[in-house]
Amino acid sequence: MKLEFFQKKFWTASRQCAALDGKCSISCDDENINCYLIDNNGFVLVAEDYTLTGKFFGEAEGAVMSKLLQMGSFKRVTLYDYQALCWAFSESSDSGHTLLDPYFAFFSAIKWILTELVIFLVEFNLYSWWHSDLTAKAQRIGRSMQVPCDTEYPAFISERTIKENTGNVDCGGCIKSFVIQQIPSSNLFMVVVDNKCDCSMFEPITMDPIEILYILYWL
């Protein structure tokens, strides 16, 4: 099933109600509400703003996602990536004692070898075989490169025992209301959010990775 067809089916179903005349007192066509279809990890499958498709719900509705975490509808877990790449900026140092530290020299050598290996793998292809020298020089002039690192990043999991929840978010001068309901026999949730209240005071919740910085102690 293509995503466009799935989205059309969702919007059609959202306009159907159990009233005798089949009409809905409130629907996703209302300008005062935003409707989302998200999965059990909080990623948007359907939204009125099509650019949000595939993004994390917390990026679009940071205030609502914060409340869902407080209410227990979602929980945050930390995942680790031990094969990540991070941007590193080379810095010069005039301190002489670091050159005399054998541990510093050892780890600097290991870091240099790994850096050169990563640059070689990135640059190695049939075309750049003849231009690798120029490319490597350009990367070094930029004083930045990608090096192996460890990162941690948040992930979010829904609480499957909670089928429906409603909440209010105090955004200072107004209250933002929302309702979340699980779609039966699926891992999907429909979220309806009141958009009349400006909650820009809440920062978006993202899944951006954070580099793990290790502190080594020597006795």
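Refer to the structure above for everything that follows.
Quick summary incoming for the structure in this document. Keep in mind that this is a model prediction, so the values were computed, not measured. (Residues numbered from 1 in each chain as written. Predicted model: local features only at pLDDT ≥ 70, side-chain atom pairs only at ≥ 80, totals over all residues. Heavy atoms only, no water.)

### A few points about the pairing of strand β2 (residues 44-47)
With 3 bridges joining them, strand β1 (residues 33-39) and β2 adopt antiparallel strand pairing. Its bridge partner being in β2, I38 is matched across the sheet by V44. (Pairing = 2+ DSSP bridges. Helix = DSSP H or I, 4+ residues; strand = E, 2+ residues; numbered from the N terminus.)

### Points about the pattern of salt bridges
The final tally for this structure, using the stated rule, is 2 salt bridges. One salt bridge in this structure joins K196 and D194, with 3.1 Å as the shortest N-O distance. On the accessibility criterion, K196 (58% relative accessible area) is exposed. Judged by its relative accessible area of 13%, D194 falls in the buried class. (Salt bridge = Lys/Arg side-chain N within 4 Å of Asp/Glu carboxyl O. Buried < 20%, exposed > 50% of the residue type's maximum accessible area, 1.4 Å probe, protein only.)

### Comments concerning the state of the cysteines
This model, assessed by the stated rule, comprises 4 disulfides. Across a sulfur-sulfur distance of 2.1 Å, C28 and C35 are joined as a disulfide pair. Taking the sign of the S-S torsion, -100° for the link of C28 and C35, the bridge is left-handed. Since its relative accessible area comes to 7%, C28 is described here as buried. Disulfide partner of C171: C199, at an S-S distance of 1.6 Å. Disulfide C171 to C199: torsion about the S-S bond roughly 80°, handedness right-handed. Of this pair, C171 sits in the loop between β5 (164-170) and β6 (175-182) while C199 sits in the loop between β7 (188-194) and β8 (210-211), and the two are 28 residues apart along the sequence. (Disulfide = S-S within 2.5 Å.)

### A closer look at the nonpolar core
Within the largest apolar cluster, 23 residues are counted, with the highest numbers of intra-cluster contacts made by Y36, I38, F57, M65 and L68. Mapped onto this core, the elements with two or more residues apiece are β1, β2, α3 (62-71), β6 and β7. Tallying contributions element by element places α3 first for this core, with 4 residues. Residues within four places of I38 in sequence aside, it is in contact with F43, V44, L45, F57, F74, N187, L188, F189 and V191. (Core = buried A, V, L, I, M, F, W, Y, C linked by side-chain atoms within 4.5 Å. Contact = heavy atoms within 4.5 Å.)

### Quick notes on the sheet that holds β6
The strand order across the open sheet built from 5 strands is β2-β1-β7-β6-β5, with neighbouring strands paired in antiparallel fashion. Single-partner strands in this sheet number two, and they are β2 and β5. Direction aside, the axes of adjacent strands within the sheet are offset by 20° on average. Sheet topology places β1 next to β7; 7 bridges connect them, and they run antiparallel. Counterpart to N34 in the pairing with β7 is V193. Packed on one face of the sheet, helix α1 (residues 3-14) meets β1, β2 and β7 and runs near 60° to β2. Lying on the sheet, α3 is in contact with β5, β6 and β7; it crosses β5 at an angle near 120°. (Axes fitted to C-alpha atoms, helices over the stretch in contact; angles between N-to-C directions.)

### Here we look at a nonpolar patch on the surface
On the surface, Y80, Y82 and Y214 cluster together into a nonpolar patch covering about 400 Å² of accessible area. The topology assignment puts Y82 in strand β3 (residues 74-89). Residue class for Y82 comes out exposed when judged on its relative accessible area of 55%. (Patch = residues over 30% accessible without salt bridge, like charges linked within 9 Å, V, L, I, M, F, W, Y side chains within 5 Å. Areas by Shrake-Rupley, 256 points an atom, 1.4 Å probe, with all protein chains shown as cover.)

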